[in-house]
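The chain contents come next:
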Amino acid sequence: MVITKNGLAVLGATAVTLSTIAVTGLGIHSQGQALFKESPKELVDEVWQIINRQYVDGTFNQQDWQAVRQEYVRNKTYSNRQEAYKSIREMLKKLNDPYTRFMDPEEFKSLQVDTSGELTGIGIQIGLDEKTKKLTVIAPIEDTPAFKAGILAKDVITKINGKSTEGMDTNQAVSLIRGEPGTSVNITIDRSGQQKEYKITRAKIEIHPVEYSQKQTPVGNVGYIRLKQFSANASKEMQTAIKNLEQKQVVGYVLDLRNNPGGLLFSSVEIAQMWMDKGTIVSTKDRQGIAEREVARGRALTNKALVVLVDKGSASASEILSGALQDNKRAVIVGSQTFGKGLVQSVRPLDDGSGMAVTIAKYFTPNNRDINKHGIDPDVKVELSDKQRQELWLKEREKIGTLADPQFAKGVEVLGKEIASRGNTRAQRSQR
């Protein structure tokens, strides 16, 4: 598996991501235009070849992939790129995989991760629900217009500016949602059978993936770390957080992955290595069944007791990290069942400045659990209703990470038991 630290799409390299489309618009420059081949047909063939070589399902969703090439490459002529783009999208629909998708040059730019952390958009990550095929919010990015408006994880987007999303793919949705800062977009969502409308003003968004502080609690001075997404600079910020909190001699940690929609695979692996000295972190299996493992390498920054908070907005890379810590018994997972995305995508630039994401593997937790469409089950369940979540995350945000936050409060209680258990174990050993 190729894992790059240079963002989601770098010319000449393959980026591995676990996230879904982020509705943002970024000014990333592409050299792809200069490399575009003379014939649009060659672009169609390039996409076909990538799927043929890398797609995780060797049956191609029970499709005769050679016959697909005959239909779209050999038997068809193209007079312009738009015709080629249309055929590529038709071709990929045959895979029935919402995460394998084509992006024209403008759509591809909107998927990029800007290393400065500055995004432009409304700040949600969306995908097609694999069961219902409906356009679904994976999670709003914290402190963005969508987050402040009240959009929640698992909201189903039914209309964008009055246009039905029935049959719409994520690329089409992104094109309708994105726009210049200061302009607005109307989003209609279905939440538990109730229709809600939101008018959201687009903005520039600065994202720092890690926030941390020490909390005075009944169990002592606790290190609290909020990880918002697994971006290119998340591991560096996590390292800083742990080292600073270690200097303050915290008794243990609460790592908050709630509403974290995921991100880059290498980031989740690097962060897991900061908490684990040994053990498997994650394994991936491609269509040949070849498994590759990422393991801890004795570089943990702390061995103190750890509790991880999760909810239904915790997806992909969040599930890798929490699954690794759970299976290795390094942490206790507290909260509610996570989103359930266990697929790995490779994001590739194409020769005309467009790009594609292709599902290349499934990932499995250290205990070989396939969490796709299921998620991670917490060790200690603390369920919040949608109303409670909205109250906490939007109206009473000052309570997040305090004892007035029910999931954090339970996390601290569990952490206290873990600390006490460790103390008893050490005492028993010293008496022998």
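How each quantity is defined
Residues numbered from 1 in each chain as written. Predicted model: local features only at pLDDT ≥ 70, side-chain atom pairs only at ≥ 80, totals over all residues. Heavy atoms only, no water. Salt bridge = Lys/Arg side-chain N within 4 Å of Asp/Glu carboxyl O. Pairing = 2+ DSSP bridges. Helix = DSSP H or I, 4+ residues; strand = E, 2+ residues; numbered from the N terminus. Contact = heavy atoms within 4.5 Å. Axes fitted to C-alpha atoms, helices over the stretch in contact; angles between N-to-C directions. Phe/Tyr/Trp six-rings, centres within 6.5 Å; stacked < 30°, edge-to-face > 60°. Buried < 20%, exposed > 50% of the residue type's maximum accessible area, 1.4 Å probe, protein only. Parallel < 35°, antiparallel > 145°, perpendicular 65-115°, else oblique. Left-handed = near helix turned anticlockwise from the far one by under 90°. Nonpolar A, V, L, I, M, F, W, Y, C, P; charged D, E, K, R; others polar. Core = buried A, V, L, I, M, F, W, Y, C linked by side-chain atoms within 4.5 Å. pLDDT = per-residue confidence, 0-100.

Some thoughts on the pattern of salt bridges
Here comes step 1: Taken as a whole and assessed by the stated rule, the structure comprises 17 salt bridges.
Here comes step 2: A salt bridge links D370 to K362, with the shortest nitrogen-to-oxygen separation between them at 3.2 Å.

Considering the sheet that holds strand β11 (residues 210-217)
Here comes step 1: Strands sit in the order β11-β12-β13-β16-β17-β20 across an open sheet of six strands; the sheet is mixed. Among the strands making up the open sheet, the edge pair consists of β11 and β20 (380-381).
Here comes step 2: Inspection of the sheet shows β11 paired to strand β12 (residues 220-227) by eight bridges, in the antiparallel sense. Bridging across to β12, V210 finds its partner in L227.
Here comes step 3: Across the sheet, helix α10 (residues 317-327) touches β12, β13 (252-256), β16 (305-310) and β17 (332-335), and the angle it forms with β16 is around 140°.

Focus on the packing of aromatic side chains
Here comes step 1: Counting across every chain of the model gives five aromatic pairs.
Here comes step 2: Plain terms: the ring middles of W48 and W65 are 6.4 Å apart, the flat faces sit at 10° to each other, and that makes the pair stacked. Taken together, the positions of W48 in helix α2 (residues 40-54) and W65 in helix α3 (residues 65-74) put the pair 17 residues apart, joining distant regions of the chain.
Here comes step 3: For W48, a relative accessible area of 3% puts it in the buried group.
Here comes step 4: Here W65 falls in the buried class, since its relative accessible area comes to 3%.
Here comes step 5: Between the aromatic rings of Y224 and F408, the centroid separation amounts to 5.3 Å while the plane-to-plane angle is 90°, which identifies the pairing as edge-to-face. Here Y224, found in strand β12, pairs with F408, found in helix α12 (residues 406-431); they are 184 residues apart in sequence, far enough to count as distant.

As for the packing of helix α8 (residues 234-247) against helix α9 (residues 265-275)
Here comes step 1: Relative orientation of the contacting elements α8 and α9 amounts to 15°, with a least axis distance of 9 Å. For the element pair α8 / α9, the angle class is roughly parallel. Where α8 crosses over α9, the handedness of that crossing is right-handed. Residues A234, S235, M238, Q239 and I242 of α8 lie in contact with α9, whose contacting residues are S267, E270, I271, M274 and W275.
Here comes step 2: Its residues assigned to classes, the contact of α8 with α9 comprises six nonpolar, three polar and one charged.

Notes on the pairing of strand β19 (residues 355-364)
Here comes step 1: Of all ten residues that make up β19, nine are buried, and the element is covered over most of its length.
Here comes step 2: Both strand β14 (residues 280-285) and β19 contribute to a ladder of three bridges, which runs antiparallel. Residue K285 lies in a different strand from β19, and its bridge partner there is K362.
Here comes step 3: Here strand β18 (residues 343-349) runs beside β19; their pairing, made up of seven bridges, is antiparallel. Paired with P349 across the bridge in β19 is G355.
Here comes step 4: Hairpin connection between β18 and β19: a loop of five residues separates the two successive antiparallel strands, and G353 in this loop has a positive phi of roughly 95°.

Things to note about the nonpolar core
Here comes step 1: Core analysis: the largest hydrophobic core is formed by 63 residues, its most contacted members being I225, L227, M238, L255 and W275.
Here comes step 2: Excluding its chain neighbours within four sequence positions, the residues that come into contact with M238 are V210, I225, L227, L255, I271, M274 and W275.
Here comes step 3: Listed in part, the 19 residues of the second largest apolar core include I126, L128, V174 and I177.

Regarding the environment of E130
Here comes step 1: Locating E130 in the fold gives a position in the loop between β4 (118-128) and β5 (135-140).
Here comes step 2: On the accessibility criterion, E130 (17% relative accessible area) is buried.
Here comes step 3: For the pair E130 and P98, spaced 32 residues apart in the sequence, the C-alpha separation amounts to 6.9 Å.
Here comes step 4: For E130, the contacting residues outside a window of four places in its chain are P98, Y99, L343, N372 and K373.

Focus on the pairing of strand β9 (residues 194-201)
Here comes step 1: Pairing of strand β8 (residues 184-191) with β9 involves eight bridges; the strand directions are antiparallel. Residue S184 lies in a different strand from β9, and its bridge partner there is T201.
Here comes step 2: Between β8 and β9, which pair antiparallel and follow one another directly, the connecting turn spans two residues, one of which, S192, has a positive phi of 55°.

Examining the environment of N61
Here comes step 1: In this structure, N61 sits in the loop between α2 and α3.
Here comes step 2: Separated by 35 residues in the primary sequence, N61 and N96 place their C-alpha atoms 7.0 Å from one another.
Here comes step 3: Apart from the residues within four sequence positions on either side, N61 is in contact with K94, L95 and N96.

Thoughts on the confidence of the model for the chain
Interpreting fine coordinate detail is not advised for predicted regions of low pLDDT.
Here comes step 1: Mean pLDDT over the chain stands at 85; residues scoring 70 or higher make up 87%.
Here comes step 2: Overall, residues 1-37 carries pLDDT values under 50, and its contacts beyond four positions in sequence, including any with other chains, amount to 129 contacts.
Here comes step 3: Taken as a whole, residues 113-117 scores under 50 in pLDDT and shows seven contacts with residues more than four places along the chain or in a different chain.

Observations regarding the packing of α3 against helix α4 (residues 81-93)
Here comes step 1: One can describe the packing of α3 onto α4 by two numbers: an axis separation of 11 Å at closest approach and a directional angle of 160°. Judged on the interaxial angle alone, α4 and α3 are roughly antiparallel. Handedness of the crossing formed by α3 with α4: right-handed. Within the contact between the two elements, α3 uses W65, V68 and Y72 and α4 uses S87, E90 and M91.
Here comes step 2: Per-class residue counts for the contact of α3 with α4 are four nonpolar, one polar and one charged.

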